[in-house]
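# Fold and contact review
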Amino acid sequence: MSDHNQVKITSMNYSEDRPSAKDPVKIEDLTFRDGHQSIFATRGRTEDMIPVAERMDEVGFWAMEIWGGATFDTMHRFLNEDPWERIRTLKRYIKKTPFSMLLRAQNLVGYRNYADDVATAFVERSVANGIDIFRTFDALNDYRNFETVVPVIKKSGKHFQGCICYSLTEPRMGGEVYDLDYYIRKAKDLEAMNADSICIKDMAGLIAPYDVYAVVKALKGAVKPPIHLHSHFTSGMSSMSILKAIEAGVDIVDTCMTPYAFRTSHAAIEPLVMALLGTNRDTGFDIKHLGGINEILERDILPKYKHLLDDTKISIIDINVLLHQTPGGMLSNLVNQLREMDALDKIDAVYEELPKVRKDLGQIPLVTPTSQIVGIQTVNNVLFDDENERYKMITDQVKDLCYGLYGTTAIPINPQVQKKALSGYHRGEEPINCRPAEVLEPELEKAKEDVSGLAADFDDTLIYALYPVTGKRFLKWKYGKDEVPDEVKPKTLEAVKVEQKLIQKAKAGQLVEKNEKDAPPKSENLRTFNVFVEDEHFEIGVDEVGGLSRVYDIRPMPAQEQVVSPITAPAPAPPVVQAPPQAVPPKPAAPKPAPAPAAAESGDETSMIAPMPGMIVRYEKQVEDTVTEGEIVVILEAMKMENALPAPANGTIKEINFGVGDSVAKNDVLCIIA
Ligand code: CO
């Protein structure tokens, strides 16, 4: 046993030039990746990392995580930044500290398994652009999904860090799946794959101090590679868990700079430096130097991101994580999704349904993308199932999971759910047992063709190969083929300050913007509504800008039998057929009559309504195409899941209201069928 199994005070010299500890705890800083991913929705811009980059390089971190996870997606989608460029830019400022990235194994930095040719090329290009450590995980802990990327990492002479996703089915470690033996077995698997280090990846902040003590002790005794702890703060346990892990002999732990720490992020580095000062595991870091970095972040950087902080809660920890053993991010996604669908009152039903769905789907760990897969299926079940039928609307990703496309689940999938999911599934009705990517056709050549003339180099092609819709849109911005929309442009600190002042004024009731415009004349289409707010009564005139409102035929919802398309497997979302919101019944005694419903003029039209907010992936049908009820018309991406929406009626597509990549709100009219 090495003596780092015991933490003891070895020196009373606490000065900056104190002697270095015999066995310092190594620290990986996550500020530039998981830090802003966790608390600012991954919106951190490269320009906001540069002001502290050189100082961060001086701290003495074992590594800095600067890339991977959601950064690739968010950067090209929301920030108009080339993800590859970030690595190269930061490398110019951070010359000593190795760069780490979070690699979702065969999912790379996306939400599905990519073909082997894409996976190989992606890792090669990540190495070439400057990544040194590949923290690799698979959402199912199925290490066959490592088999393509790991040899590329090793061949490049880079560090392969294998992760064990930490999961629970009960309040503490144990139970039918995730017990101590499970974690030892997984660590041995990783050692057999020549892992350079092994990371316990506690993405939900579930690991309790005395459980992590047991796990780290057991792993230190069972395998040789250094043990690394990644534990989110979400539940409030991680500072305690880190300390217990250090007592158990952990080699490396993850932290963030204070302004990027806590909440759903990670424990802060500064208190840990102080806690270990003068011990045999002293980090050796200079607390004053860290303080200087914090000052810059607080003063010059964080004000730009403050609006992204979740200020709906006062508590910085999420007690729900302790109650439900699920990641905080997943819970907030569920809440947002329900809110957008006006179904927030169903949250308790969702909490109740969640463990059932997870068990049906093989008791898989909950981490990207499985947390989304389980989460959205749970919401679908709560919203669309009835007493006669379960799993009415199965997402494509659940079908893929049931087919075996993500790998082997911790326990077998519920055979009934699996059978239903795979009925009519386009890859086949029999699930596979092989390494999932073996059934995937190569994707690179087609990607190259698709963006030839647009992609200037191979890195561009990979952006497209990983994210066809948003990737292509980004490349058009990058090369000036499309105008860059304002919402993806950076904000200056000055603009933020002006905004903050206005908000403060508004909150103090000092902001009364006078409407300079004269009211337009009332038209003959003016309709009046009675509005009651508790006992108060208002009469409100509504006069639609641009003349007559369109009134559509309102048809009843198709009966609940599902029309199964031959290609896409069963039970897609029944699109809600309804009139657009302006078709509110007028007040009977209104002074001016409401316009006559335009039903006669617009004929027998059905509008296809978005059942949930999302992004248009593509229209399967064009204007003038005839459709039969149940045929797939639109693919809508919602919460990173693709949903195939069928036609609610027979007819001809008369009007298509959105384009590829457009965002739609719930109830937006996607197209008109007549
Ligand atoms: Co994390």
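Above: the structure in question.
## Re the environment of Val-660
Residue placement: Val-660 occurs in the loop between β16 (651-656) and β17 (663-664). Put simply, Val-660 and Ile-616 are 44 residues apart on the chain and 5.3 Å apart in space, counted from C-alpha to C-alpha. Aside from chain neighbours lying at most four places away, what touches Val-660 is Val-469, Ile-616, Val-617 and Arg-618.

## Thoughts on the environment of His-266
Along the polypeptide, His-266 turns up in the loop between β8 (252-255) and α10 (269-276). Between the C-alpha atoms of His-266 and Cys-256, which are 10 residues apart in sequence, the distance is 6.0 Å. The residues contacting His-266, other than those within four sequence positions of it, are Leu-30, Asp-34, His-230, Ser-231, His-232, Phe-233, Asp-254, Thr-255, Cys-256 and Ala-261. Looking at His-266, its side chain comes within polar contact range of the side chain of Asp-34, at 2.9 Å. Polar contacts involving the side chain of His-266 include one to the main-chain carbonyl oxygen of Ser-231, which spans 3.3 Å.

## Looking at unusual backbone geometry
Phi angles above zero are rare outside glycine, and Arg-263 is one such case at about 50 degrees. In this fold, Arg-263 is placed in the loop between β8 and α10. Arg-263 sits in the partly exposed class, given a relative accessible area of 28%. Even without being glycine, Asn-667 reaches a positive phi, approximately 80 degrees. Looking at the element boundaries, Asn-667 is found in the loop between β17 and β18 (669-673). Its relative accessible area of 28% is what places Asn-667 among the partly exposed residues.

## Remarks on the packing of aromatic side chains
Within this structure, the stated rule accounts for 18 aromatic pairs. Relative to Tyr-467, the ring of Tyr-111 lies with its centre 6.4 Å away and its plane at 75 degrees, an arrangement referred to as edge-to-face. One end of the pair, Tyr-111, is in the loop between β3 (99-103) and α5 (116-129); the other, Tyr-467, is in the loop between α19 (458-466) and α20 (468-478), with 356 residues separating them in the sequence. Residues Tyr-111 and Tyr-467 agree in their burial class; the two are buried. Arranged with centres 4.9 Å apart and planes meeting at 75 degrees, the rings of Tyr-178 and Tyr-182 form a pair that is edge-to-face.

## Some points on the coordination of the cobalt ion
Coordination of the cobalt ion by the protein is provided by Asp-34 (OD), His-230 (NE2) and His-232 (NE2), with metal-donor distances spanning 2.0 to 2.2 Å. Of note, the donors binding the cobalt ion are all from one chain and are spaced D-x195-H-x1-H. With Asp-34 in helix α1 (residues 31-39) and His-232 in the loop between β7 (227-231) and α9 (238-247), this pair connects stretches of sequence that are 198 residues apart. Of the two residues, Asp-34 and His-232, both sit in the buried class.

## Remarks on the packing of helix α14 (residues 347-360) against helix α15 (residues 370-384)
Running from N to C, α14 and α15 point in directions that differ by 120 degrees, and their axes come no closer than 9 Å. As judged from the angle between their axes, α14 and α15 are oblique. Where α14 crosses over α15, the handedness of that crossing is right-handed. The residues of α15 that touch α14, namely those facing Ala-349, Val-350, Glu-353, Leu-354, Val-357 and Arg-358, are Val-374, Gln-377, Thr-378, Val-379, Asn-381 and Val-382.

## Details of α14
If you check α14, its first and last C-alpha atoms are 20 Å apart, about what 14 residues at 1.5 Å a residue would give, namely 20 Å. Here α14 has its buried residues at Ile-347, Val-350, Tyr-351, Glu-353, Leu-354, Val-357, Arg-358 and Asp-360. As for α14, its buried residues are in contact with α12 (319-324), α13 (328-340), α15 and α17 (415-422). Once α14 finishes, Gly-362 follows within two positions and takes phi at roughly 95 degrees, a positive value.

## Describing the pairing of β18
Moving residue by residue along a regular strand, the side chains alternate between the two faces of the sheet. Buried residues dominate β18, accounting for five of its five residues. Bridge count between strand β11 (residues 606-609) and β18: four bridges; the pairing is antiparallel. Pairing of Ile-609 across the sheet is with Val-669, part of β18. Across three bridges, β16 lies against β18 in antiparallel orientation. Residue pairing across strands places Glu-655 opposite Ile-672, the latter belonging to β18.

## As for the side chain of Gln-106
Mapped onto the fold, Gln-106 is located in the loop between β3 and α5. Reaching out from Gln-106, the side chain makes a polar contact with the backbone oxygen of Tyr-114 at a distance of 2.9 Å. Residues within four places of Gln-106 in sequence aside, it is in contact with Arg-112, Asn-113, Tyr-114, Ala-115, Asp-116, Ala-119, Asn-145, Thr-148, Arg-435 and Ala-437.

Reading the values: rules and limits
Think of each chain on its own: its residues are numbered from 1, step by step along the sequence as written. Since the coordinates come from a predicted model, pLDDT governs what is reported: local features require at least 70, and pairs of side-chain atoms require 80 or more to be given and counted, while whole-chain, interface and lining totals use all residues. Heavy atoms throughout the structure, all of them, feed into the side-chain values; hydrogens and water do not. Helix and strand labels come from DSSP, where a helix needs a run of H or I of at least four residues and a strand needs a run of E of at least two; each type is numbered from the N terminus. Whether two residues are in contact is decided by their heavy atoms: any pair within 4.5 Å suffices. Polar contact is the term for a pair of N or O atoms within 3.5 Å; when the atoms are in protein, one must be able to donate a hydrogen and the other to accept it, and sequence-neighboring residues count only if both atoms are side-chain atoms. Note on exposure labels: buried denotes an accessible area under 20% of the residue type's maximum, exposed denotes more than 50%, and partly exposed covers the range between, all computed with a 1.4 Å probe on protein chains only. Pairing of aromatic rings covers Phe, Tyr and Trp, the last through its six-membered ring, and needs centres within 6.5 Å; plane angles under 30 degrees mean stacked, over 60 mean edge-to-face, and all others mean tilted. Note on donors: an N, O or S atom is included if it sits within 2.8 Å of the metal, or within 3.2 Å for Na, K and Ca, and water is never included, so sites can look incomplete. Under this scheme, a helix contributes an axis fitted over its contacting stretch, all axes are lines through C-alpha atoms, and angles between N-to-C directions fall in the 0 to 180 degree range. Any angle that falls under 35 degrees is termed roughly parallel, while one over 145 is termed roughly antiparallel, one within 65 to 115 roughly perpendicular, and all others oblique. Handedness of a crossing is defined here by the sense of rotation of the near helix relative to the far one, left-handed for an anticlockwise turn of less than a right angle and right-handed for a clockwise turn. Helix span, as expected, comes to 1.5 Å for every residue beyond the first. If DSSP finds at least two bridges between two strands, the strands pair.

Don't take any of this as a statement about function, it's just geometry.
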